[in-house]
Amino acid sequence: MVHVDDTALAVTDTRGPGRAIVYLNGSYADQRHWQPVKAELGAEWRHITHDERARGRSKRSSDYSFEAGIRDVDAGLNATGVDRPLLVGWSYGATVAVHWADRHP
C-alpha cells in the first residue's frame, strides 16, 4: 500500500528487468484488467499497476479529481523508484496519463 493524501493505494510492481510501464485504469476498473496485457508483453518489462482511489484494494478518499490522479501516479513512481515510465491508460486513466505527461515531458 502506498499512502498519498488521505488514502492508500494498492500498488503492484513486477520489478521486471526492462523499462517500467505504468498502467492507468479506466473509471470503475482495477488493476486486474491489465493482467492479459502484462502477460502478453511478458516478464522482460517492469509492469506497475495500481487500484485507483476507492477501487479494488485501494482505500476511499475525499478527493477524486484529475489532480489527485496525477498525485497518485507520482506517489506510485516515488514508491517504486521509477522516474521515466511509459504510461498506458484507457478512459479516465488515459486522461490522467496525458495530464501527467504534460507536466513531466
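Shown above is the structure to which this text applies.
Only a predicted model underlies this, so the values are computations on that prediction, with no experimental measurement involved.

**What about the pairing of strand E5 (residues 46–50)?**
Within E5, five of the five residues are buried, leaving the element largely enclosed by the surrounding structure. Along E5, one buried face is formed by Arg 46, Ile 48 and His 50 and the opposite face, lined by His 47 and Thr 49, is buried too. Bridge analysis of strand E3 (residues 11–13) against E5 gives three bridges, and the strand direction is antiparallel. Across the sheet, residue Thr 12 finds its bridge partner in E5, namely Thr 49. Bridge analysis of strand E4 (residues 20–24) against E5 gives four bridges, and the strand direction is parallel. For Tyr 23, the partnering residue across the bridge sits in E5 and is Thr 49. Crossover handedness for the path E4 to helix H1 (residues 35–41) to E5: right-handed.

About the criteria used
- Residues numbered from 1 in each chain as written.
- Predicted model: local features only at pLDDT ≥ 70, side-chain atom pairs only at ≥ 80, totals over all residues.
- Heavy atoms only, no water.
- Buried < 20%, exposed > 50% of the residue type's maximum accessible area, 1.4 Å probe, protein only.
- Helix = DSSP H or I, 4+ residues; strand = E, 2+ residues; numbered from the N terminus.
- Pairing = 2+ DSSP bridges.
- Right-handed = clockwise from strand over helix to strand, strands pointing away.

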